[in-house]
Structures are given as structure tokens and as C-alpha cells.
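Topology and contacts: notes
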Amino acid sequence: MAKTKYTRDEALEYHLNPSPGKLSIQASVAMATQRDLSLAYSPGVAVPVEEIAKNPNAAYDYTTKGNMVAVISNGSAILGMGNLGALASKPVMEGKAALFKRFADVDAIDIELDTEDPEAIIQAVRLMGPSFGGINLEDIKAPECFIIEQTLKEQMDIPVFHDDQHGTAVICAAGLINALKIANKKIEDVRIVLNGAGAAGIACIELLKSMGARPENCIVCDTKGVIYQGRTAGMNQWKSAHAVKTDLRDLADAMAGADVFLGVSAKGAVTAEMVASMAPNPVIFAMANPDPEITPEEAREVRDDVIVATGRSDYPNQVNNVLGFPYLFRGALDIHARAINDEMKIACANALADLARQDVPDEVALAYGKKLSFGPDYIIPTPFDPRLIHVIPPAVAKAGMDTGAARRPIIDMEAYEHDLKARLDPTASILQALYARARREQARILFAEGDDERVVRAAVAFRRAGLGTPVVVGRPEEVAGFLKAAGMPEAIDELEVVNAATIDTLPDYSSALYARLQRKGFDERDCHRLAARDRHVFGALMVARGDVDGMVTGATRKSAHVLNLINHVFDAEPGDGAVGITAVLIGGRVVLIADTLVHEWPDAEDLADIAERAASVARSLGLEPRVAFASFSTFGYPVSERAVKMADATKVLSARDVDFEHDGEMTVDVALNPDVMAHYPFCKLSGPANILVVPARHSASISVKLLQELGGATVIGPILTGIDKPVKLCSTTSTVNDILNMAVMTACKVG
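Residues numbered from 1 in each chain as written. Predicted model: local features only at pLDDT ≥ 70, side-chain atom pairs only at ≥ 80, totals over all residues. Heavy atoms only, no water.

Right, let's talk about the pairing of strand β15 (residues 579–586) for a bit. Of all 8 residues making up β15, 7 are buried, and the element is well covered by its neighbours. Two elements, β15 and strand β20 (residues 714–721), share 6 bridges in a ladder whose sense is antiparallel. Residue Ile581 lies in a different strand from β20, and its bridge partner there is Ile719. Both β15 and strand β16 (residues 589–594) contribute to a ladder of 6 bridges, which runs antiparallel. Each residue of the ladder has a partner; that of Ala583, found in β16, is Leu592. (Buried < 20%, exposed > 50% of the residue type's maximum accessible area, 1.4 Å probe, protein only. Helix = DSSP H or I, 4+ residues; strand = E, 2+ residues; numbered from the N terminus. Pairing = 2+ DSSP bridges.)

Bringing the nonpolar core into the picture now. Membership of the largest hydrophobic core comes to 98 residues, with the highest contact counts inside it found for Ile135, Ile192, Leu208, Leu262, Phe285, Met344 and Leu352. At 9 residues, helix α8 (residues 163–183) tops the list of elements feeding residues into this core. Other than its neighbours up to four places away in sequence, Ile135 contacts Ala70, Ile72, Val125, Met156, Ile158, Pro159, Val160, Phe161 and Phe329. (Core = buried A, V, L, I, M, F, W, Y, C linked by side-chain atoms within 4.5 Å. Contact = heavy atoms within 4.5 Å.)

Okay, the packing of helix α26 (residues 604–620) against helix α27 (residues 641–655) next. Look at α26 against α27: their axes get within 8 Å of each other, and the N-to-C directions meet at 60 degrees. Regarding the angle of α26 to α27, the classification is oblique. Handedness of the crossing formed by α26 with α27: right-handed. Judged by residue contacts, Ala604, Glu605, Leu607, Ala608, Ala611 and Glu612 of α26 engage Lys645, Met646, Asp648, Ala649, Val652 and Leu653 from α27. (Axes fitted to C-alpha atoms, helices over the stretch in contact; angles between N-to-C directions. Parallel < 35°, antiparallel > 145°, perpendicular 65-115°, else oblique. Left-handed = near helix turned anticlockwise from the far one by under 90°.)

Within the element layout of this structure, Lys239 appears in helix α10 (residues 237–240). Other than its neighbours up to four places away in sequence, Lys239 contacts Ala197, Asp222, Ile227 and Gly234.

Spatially, 6 strands are ordered β7-β6-β5-β8-β9-β10 in an open sheet, and the strand pairing comes out mixed. Two strands in the sheet have a free side with no partner beyond their single neighbour: β7 (225–226) and β10 (307–310). When strand β9 (residues 283–286) meets β10, the two strands line up parallel, connected through 4 bridges. In the strand pairing of β10, Val283 is matched with Ile307. Across the face of the sheet, α8 comes into contact with β8 (260–263), β9 and β10 while running at roughly 160 degrees to β9. In this fold helix α9 (residues 199–210) packs onto β5 (192–195), β6 (218–222) and β8, with an angle of close to 160 degrees to the strand it touches most, β5.

With that out of the way, let us pick up the pattern of salt bridges. Tallied over the full model, the rule gives 40 salt bridges. Of the charged contacts, one joins Arg312 and Asp291 as a salt bridge, the two residues approaching to 3.1 Å between their closest N and O atoms. With a gap of 21 residues between them, Arg312 in the loop between β10 and α14 (325–334) and Asp291 in the loop between β9 and α13 (296–302) connect regions that are remote in the sequence. The buried category is assigned to Arg312, whose relative accessible area is 13%. On the basis of relative accessible area, Asp291 is assigned to the partly exposed category, the value being 29%. Across the pair Glu612 and Arg656 runs a salt bridge, and its minimum N-O distance is 2.7 Å. Taken together, the residues span a long stretch of sequence, with Glu612 in helix α26 and Arg656 in the loop between α27 and β18 (661–666) at a distance of 44 residues. Glu612 gets classed as partly exposed once you look at its relative accessible area, which sits at 32%. You can call Arg656 partly exposed: its relative accessible area is 29%. Three or more residues are tied together by salt bridges with common partners; here these are Lys90, Glu94, Asp110 and Glu112. (Salt bridge = Lys/Arg side-chain N within 4 Å of Asp/Glu carboxyl O.)

One pass over the structure, following the stated rule, counts 9 aromatic pairs. Considering the side-chain rings of Phe635 and Tyr680, the 5.6 Å spacing of their centres and the 55 degrees angle between planes classify their relative orientation as tilted. Taken as a pair, Phe635 in the loop between β17 (626–630) and α27 and Tyr680 in the loop between α29 (674–677) and β19 (691–693) lie far apart in primary sequence, 45 residues in all. Every member of this aromatic cluster is reached through a ring pair, and the members are Phe100, Phe161, Phe325 and Phe329. Between Lys96 and the ring centre of Phe325, over which it is positioned, the NZ or CZ distance is 4.1 Å. The ring of Trp601 has Lys645 lying over it, and the distance from NZ or CZ to the ring centre is 3.3 Å. (Phe/Tyr/Trp six-rings, centres within 6.5 Å; stacked < 30°, edge-to-face > 60°. Lys NZ or Arg CZ within 6 Å of the ring centre and 35° of its normal.)

Further remarks concern the state of the cysteines. Taken as a whole and judged by the stated rule, the model has 0 disulfides. For the unlinked cysteine Cys204, the closest cysteine sulfur is that of Cys172, found at 4.2 Å. Cysteine Cys748 is unpaired, with the sulfur of Cys730 as its nearest cysteine sulfur at 15 Å. Among the residues examined, Cys748 registers a relative accessible area of 8% and is labelled buried. (Disulfide = S-S within 2.5 Å.)

Moving on: the sheet that holds strand β11 (residues 443–447). One open sheet accounts for 5 strands, arranged β13-β12-β11-β14-β21; its pairing is parallel. Every interior strand has two partners, whereas the edge strands, β13 (496–498) and β21 (727–729), have only one. Strand-to-strand twist in this sheet, taken as the mean axis angle between neighbours without regard to direction, amounts to 25 degrees. Summarising the sheet, β11 and strand β12 (residues 468–473) pair through 5 bridges and their orientation is parallel. Along β12, the bridge assignment pairs Ile445 with Pro470. Along the sheet face, helix α25 (residues 559–566) touches β14 (550–553) and β21 and points at about 160 degrees away from the line of β21.

A cluster of nonpolar residues, Val29, Met31 and Leu37, forms a patch on the protein surface that exposes about 280 Å² of accessible area. On the secondary structure map, Leu37 appears in helix α2 (residues 34–40). (Patch = residues over 30% accessible without salt bridge, like charges linked within 9 Å, V, L, I, M, F, W, Y side chains within 5 Å. Areas by Shrake-Rupley, 256 points an atom, 1.4 Å probe, with all protein chains shown as cover.)

The next subject is helix α6 (residues 118–127). The α-helix advances 3.6 residues per turn, and as a result positions three or four apart in sequence lie on the same side. Looking at α6, one finds that the buried residues are Pro118, Ile121, Ile122 and Val125. Take α6 and look down its axis: the buried residues cluster within an arc of 100 degrees, on one side only. α6 presents Glu119 and Leu127 as exposed residues on the side facing more than 90 degrees away from its buried surface. Among the structural elements, β1 (68–73), β3 (134–137) and α7 (144–155) are those in contact with the buried residues of α6. Two to three positions downstream of the cap, the backbone nitrogen of Glu119 sits 3.0 Å from a side-chain oxygen, assigning the N-cap of α6 to Asp117. (Arc of directions from axis to C-beta. Polar contact = N/O pair within 3.5 Å; in protein donor to acceptor, adjacent residues only side chain to side chain.)

Moving on: the confidence of the model for the protein chain. Of the residues in the protein chain, 96% have a pLDDT of 70 or more, and the chain-wide mean is 90. Within the model, pLDDT remains below 50 along residues 1–5, and this stretch shows 8 contacts once partners closer than five positions in the same chain are excluded. (pLDDT = per-residue confidence, 0-100.)

Moving on: the packing of helix α20 (residues 453–464) against helix α21 (residues 476–485). For the pair α20 and α21, interaxial distance at closest approach is 10 Å and the crossing angle is 80 degrees. Between α20 and α21, the angle is such that the two are roughly perpendicular. Residues Glu453, Val456 and Val460 of α20 lie in contact with α21, whose contacting residues are Val479, Phe482 and Leu483. For the contact of α20 with α21, the residue count by class is 5 nonpolar, no polar and 1 charged. (Nonpolar A, V, L, I, M, F, W, Y, C, P; charged D, E, K, R; others polar.)

Encoded structure:
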């Protein structure tokens with residue numbers, strides 16, 4: 001990911017508009033009527049007050065305490081800019097609060113304290129304790145930060161966490177776990193040199209020692225050189241705790257033969273000569289900001305076996321605190337923790353390290369503009385990995401429960417993980433049930449386009465998630481090449497790879513196709529070529545003959561072309577009952593739009609058919625269908641031939657005596673907005689529609705693309721339904737996750 005470039009004016013404009021700052025407060029309950037106000041404040045508020053007075057833990061049930069963190073600073077050490085004061089730190093603290101919300105759905109508020117007196121800060125924060133579920137200290141200089149954090153931990157019964165110390169330490173530890181794995185070394189055996197004995201450095205070395213690093217193997221340096229037993233210059237109690245008995249006196253001496261260098265110091269502190277003197281397969285975490293102690297390029301000029309991490313986003317392996325603090329607090333808050341202890345931090349580090357070893361989602365690769373896979377240049381997950389929210393907090397919460405830090409343990413950890421997914425991913429509530437069904441079905445699903453890396457990786461993900469058996473159409477050597485490039489060559493053994501040359505039933509496929517197409521202008525040779533050479537037709541024949549349970553395709557060719565090929569095997573023409581349904585997920589809502597694939601210009605009977613197929617898909621997804629026949633006209637006004645067919649479709653559907661709600665024609669705002677719908681009390685829908693049947697394929701496509709591009713909607717589909725066997729089509733822009741979701745729908749026979 002290239003380093004973001006911007007001007008001062010752009011930065012100021014960003015913080016000025018649309019309103020000053022980066023935060024706002026929005027009520028989470030209705031405040032529209034007098035009754036609402038009576039419940040929210042006087043006299044209704046007296047009831048939870050009485051409950052909390054009787055049981056203080058009830059505050060977690062009746063207030064925001066359980067999801068509220070205070071981000072507190074005095075501005076004495078702002079982002080490497082130094083002591084600029086409390087007020088100047090406010091943009092940073094607002095940003096930190098915004099990151100809490102963005103990455104872990106934690107509500108946070110910034111508090112800037114205008115004092116450098118540690119006792120005054122301790123007193124202020126301690127007195128604010130009842131308001132919050134956790135305290136995040138930020139940008140407070142050392143050594144005062146040590147005193148403040150330690151004292152508050154002793155005096156408060158909620159987590160107190162100085163992120164400049166422990167956030168850096170946790171991410172550093174996660175990266176080091178993987179770096180040592182690649183270097184084939186153990187933490188208890190390696191020699192570690194730390195340069196920089198401030199808040200972050202001390203926290204890093206303390207956490208690594210708690211993870212197994214031997215104290216005698218850990219050399220800490222500051223601006224005066226090695227911290228050794230007997231040194232008096234520039235010492236304090238926190239440095240003294242890490243003094244070792246050694247004859248080494250400066251950083252260059254310490255680096256000779258070292259396995260690991262950790263830097264939280266200054267630009268240029270490490271030279272090429274120092275790197276050259278290190279042990280084989282050295283690990284360098286040059287974390288000084290904004291410029292590292294040594295750049296990756298400089299280190300690799302003298303050592304081609306080095307693994308390098310920095311604090312910079314324009315280099316691989318960024319040690320970024322946003323990977324830690326949101327998820328640490330999320331897990332701690334969800335168990336109503338009394339503290340964030342070392343075991344919880346170690347659990348966070350281990351979970352991050354493990355995540356970096358997994359296959360990387362396409363969403364992450366697209367965000368960073370390059371392919372990522374576990375190795376020397378990818379040892380730490382990226383901040384935009386969507387799995388962080390449901391992988392890290394459960395690990396933290398479990399460690400908190402195991403060590404007695406939890407007031408309210410989580411009983412159902414699987415349900416907790418699903419809840420975490422639902423916080424930031426609107427597809428989770430639907431996909432959760434589908435994934436469970438797919439695991440029960442254990443279907444054999446054909447991935448027809450094994451000539452595409454995305455498809456191959458989706459097939460592996462399908463297998464590894466326990467969703468069934470993936471069968472890939474492709475050449476084994478090409479599939480193996482994709483897997484090797486993705487950093488998981490061993491996965492070739494997990495896939496069944498087939499093609500026309502590897503199966504004995506190709507003559508049967510050709511004969512069956514000829515029997516179907518012989519009166520449609522195809523001779524035997526045509527049919528053999530189609531069966532042997534076109535993977536879409538070959539795959540459809542495998543499905544039709546029962547050799548697999550379903551097929552997912554369409555990632556490499558336009559949907560209309562793929563549908564035409566599938567029509568050689570299945571009846572998927574407009575008059576055959578086939579329909580394309582697209583699920584749009586936006587703002588916590590799910591709306592199905594039809595027909596997005598098959599019918600170019602449906603008449604009233606077709607529209608009724610489409611509505612029935614869409615209702616079937618809705619029920620497959622766990623939704624109770626409410627169909628609106630959408631138009632630019634509402635219940636007869638304005639009158640138009642194009643709107644009349646939508647009203648006629650309603651009558652056709654009513655005559656069929658279907659068992660789901662439907663009405664129309666109506667505009668989209670009437671269909672989706674209950675307040676607008678209320679102006680039409682005769683409307684037969686009991687609530688907002690979750691199915692929109694639109695007049696034509698072009699209007700369906702325009703609607704979906706508009707919602708996707710301008711509204712940020714998540715789009716699943718088109719879901720092909722109404723044919724004999726489960727066959728689903730992806731789009732050519734599908735990510736690995738999109739293809740995987742389509743495979744799950746195929747396995748579940750959605751529609």
C-alpha cells in the first residue's frame with residue numbers, strides 16, 4: 001500500500017467538513033414523542049437508577065458503560081511530535097475514538113486533561129471510572145505514563161490500557177512469533193536487542209519475556225548505550241528492571257550475533273554494519289516513526305536473509321496498533337473485564353500471528369493493491385482484514401475468562417463470534433444460517449473455472465471451512481501453480497481436480513448432450529466439442545448427470561454468455577421458469593431485486609412468476625417474503641402503459657392465491673419506507689418490502705449497480721433459480737469471498 005499523500009489544506013478540510021471534528025453523538029433509542037422522553041428521562045429513568053443502586057453490575061445492562069471507552073491524554077507525547085499540550089492532542093484523540101468505532105464497534109469519547117501532574121491525572125481518571133467500561137491512555141510521556149497506568153490499574157476495577165506501551169508490544173509480539181517461525185528459531189533461544197527504553201520499548205521487552213524470552217538474552221539500550229547492572233547514568237526503576245550482567249556497552253556491540261533487533265528509538269540508529277554483524281536469518285523491527293532506524297532496502301543491501309518490519313504503511317509488515325487496541329477492548333468489554341492482563345495480550349498476539357498464516361481475503365489484496373501471502377513480507381495481518389473483528393476478541397475474551405478477569409463470562413463462544421461478525425458485516429446474519437446448512441449437507445460442489453486463481457482459492461476455503469467437497473474443473477498443474485503462488489501449495493491435496501481428459505464418462509456426457517440438442521442444429525461432433533472443451537457445459541453436464549450436487553461458475557465470463565452455455569444442458573430460458581435474483585444488503589437491511597439475469601422485458605405473467613421465485617429465494621435465506629411490484633407510479637398515478645403491467649402482475653399473483661404478501665404498483669420509497677407507506681392505508685404490505693420486482697432487466701441492473709456504487713451496498717448474486725439443479729452464477733468482479741458465498745448458496749439449494 002503506497003504511502004498516502006495529502007496537502008495541509010486537505011488535512012484541515014477533512015477535519016472541518018461536513019462538520020468540525022470526527023465524532024458525533026446519536027441517540028440509540030426513539031426520542032420522537034412525549035412518551036419517549038418520559039421513558040428516556042424523567043420519570044422513567046428512575047427505574048434503572050434504582051436497579052443500579054441495588055446492583056452496580058446492572059449498569060452494564062441499562063447504560064452504555066459496557067461499550068464505552070474513554071480515550072485520555074494530556075498531550076505530552078503526541079504522535080512523535082512531542083509535548084504540544086492537551087488541546088493540541090484533541091484531533092488525535094478524536095481519531096483514536098473513531099478507530100474504536102470503525103474497527104470494533106466500540107463507542108469511545110476523547111478526554112483531554114490539561115495537566116502534567118501525574119497525581120492530578122490519576123485523580124481525574126479514577127473519578128470518571130463509573131462512566132466507562134475501559135480506559136485507553138494515549139500520548140502521555142514516560143516515565144509519568146508508567147506511574148499513571150500502574151496506579152490506575154491498582155485503584156480501578158475496569159481495564160486501564162496505555163496503548164503507546166502495550167498496543168505496540170502486542171503487535172510486535174505477533175509479528176515476532178511469525179518471523180521466528182520463518183527463521184526456524186525459538187523465542188527462548190534467541191538473543192534480542194531493544195533500542196529505546198521508553199514506554200513502548202519497555203512494554204515490548206516485558207511482554208516478550210512473559211512469552212518465554214530469557215532475561216539474560218535480552219539487551220536493552222537507550223541513548224547512553226547498554227543498560228547493564230551497575231550503570232547509574234540516566235537510569236530509573238523501569239530501566240533497572242531490565243539491566244543485565246554484561247560487558248557490552250553500546251548498540252553496535254549488542255547487535256553482533258543478535259537474532260532480533262527491536263527499535264523504538266530514532267531514524268538512522270542502526271547501520272548496515274550492525275545488520276551485517278547479526279546472526280543468520282536476523283529479524284529487524286525498526287519501528288521508529290515517521291522514519292525507521294534502518295529502512296528495509298538498507299538492511300537487505302547487506303543481508304538477503306533478513307526479515308524486516310517497520311511502523312510505516314508503505315513498507316511490508318507494518319506494526320500498526322489499530323490491529324490490537326480495538327479488538328483487545330472489544331473482547332475485554334464483552335466479558336465486563338476488571339483488567340486487560342498479560343494473558344489477554346498474549347492471546348491477542350497469538351491470534352494475530354495465526355491469522356497472518358491463513359489465506360488472505362481478496363478484499364484485503366484489493367485494498368493494498370497486491371497479492372499477500374504468509375512469508376517474510378507478510379508476517380502481520382493488515383488493518384483492513386475483515387476477519388479481525390471475529391477472530392481476535394474471542395481469543396482475548398477466552399483468556400480473560402480463563403484468568404478470572406471476567407465479571408460475566410461468555411457461555412456460547414460460537415454465538416459470540418457470529419454476533420461479532422454481525423456488528424460490521426450485514427451479510428453475517430444471513431450467511432450464518434447458510435453456512436450451518438452447508439456443513440450439514442456436505443455437498444459436492446463443482447467450481448467450473450479452475451483457470452482462475454480466485455475460484456481455486458474459494459474451493460480451498462470451501463473445503464477448509466468444512467462446507468463440503470469442492471471439485472475443480474481445470475488442469476492439475478495450473479491449479480497447483482495458483483496454490484503455490486497463494487502460499488498454500490499443500491492445498492492441492494485437498495481438492496479434486498477434474499477435466500474432460502481425466503474422467504471415463506465423457507462419452508456419456510456427449511451422448512446426453514446430443515440427445516438434447518440434435519433437433520436444435522447440433523451434430524455429434526458439435527456436442528462432443530462442447531462437452532470436452534467448454535468448462536461451463538462440461539460442468540453443467542456433471543451436475544445434470546449427478547456426478548456433483550451443484551455448480552458455481554461465471555467468474556471469468558459475462559453472465560449472459562454463461563447462461564447461454566448452461567442453456568445447452570438445462571432449461572434456463574425466460575419461458576422455462578428461470579429467474580435471476582440479486583440480494584442487496586445495505587444499512588442492516590436485506591432487499592431482493594428481480595429479475596437481474598433472465599427476463600429482458602417481462603409481461604404481467606412473467607412478473608408474477610418472478611415474484612414467486614423471489615419469494616422462494618427469500619425463504620431460503622430466512623426471510624418472510626413481502627413483494628412490492630416497483631414502478632415510477634403508485635397505485636394508478638401517474639397512468640402509464642409501463643406501470644399498468646406492474647399493477648396487472650399484482651392481480652395475476654392474487655389469482656394464484658400465493659401464501660405471501662404482495663402489492664403494487666408502487667414507487668420504491670412507498671415500498672421501503674414505512675412512514676411513506678402509511679399514506680396508503682389500503683396497502684396490503686404489513687411492513688417494508690424485502691422483494692422488489694422491477695419492470696425490466698435493465699432497470700434491475702441499474703438499481704443494483706447504483707446501490708452498490710453510491711450506497712456502498714453488499715451485493716450477492718445474481719442467484720439463478722428455477723432450473724432443475726443447483727447452478728449459481730457469479731459476476732466477473734467477484735472476490736474469493738463472493739465465490740465462496742455463492743458456493744454455499746449452491747450447497748444449500750437456495751431458491
